[in-house]
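# Fold and contact review
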Amino acid sequence: MSLMVDPHEANEAYTAAHAIAGFQLADIAFGVLVRNGILPKSEAERLLKQAIAANRTGDPGHQAAAELLAIVLQTVFKFHPPSRQ
């Protein structure tokens, strides 16, 4: 008995997996860069806003990417670096 997989469904699952991985990578990368002082918070916010704006006008896949990047932006926005003593 062989299991038949609809190629369209397989492609959608593959695309969704890429989106999730990309979102997680962006979230971790921006968080680490900002927390470690490698990328200033203001620059991270600017880059994310630019990427969000570029993706908002695209197809539904790009619009979904914009929404995920907006979540990353909120994470960066909420970060407050520790005060230096």
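What this report covers is the structure whose coordinates are included nearby.

The rules behind these values
- Residues numbered from 1 in each chain as written.
- Predicted model: local features only at pLDDT ≥ 70, side-chain atom pairs only at ≥ 80, totals over all residues.
- Heavy atoms only, no water.
- Helix = DSSP H or I, 4+ residues; strand = E, 2+ residues; numbered from the N terminus.
- Buried < 20%, exposed > 50% of the residue type's maximum accessible area, 1.4 Å probe, protein only.
- Phe/Tyr/Trp six-rings, centres within 6.5 Å; stacked < 30°, edge-to-face > 60°.
- Lys NZ or Arg CZ within 6 Å of the ring centre and 35° of its normal.

The next thing to look at is the environment of R56. As for its position among the elements, R56 is in helix α2 (residues 41–56). By relative accessible area, which is 45% here, R56 ends up partly exposed. Sequence spacing of R56 and N11 is 45 residues, and the spatial spacing of their C-alpha atoms is 23 Å.

All right, on to the side chain of N55 then. Within the secondary structure layout, N55 lies in helix α2. For N55, a relative accessible area of 15% translates into the label buried.

The next point concerns the packing of aromatic side chains. With the rule as written, the count across this model stands at zero aromatic pairs. Just above the ring of F77 sits the side chain of K41; from NZ or CZ to the centre is 5.6 Å.

Taken by themselves, the reported measurements are silent on function.
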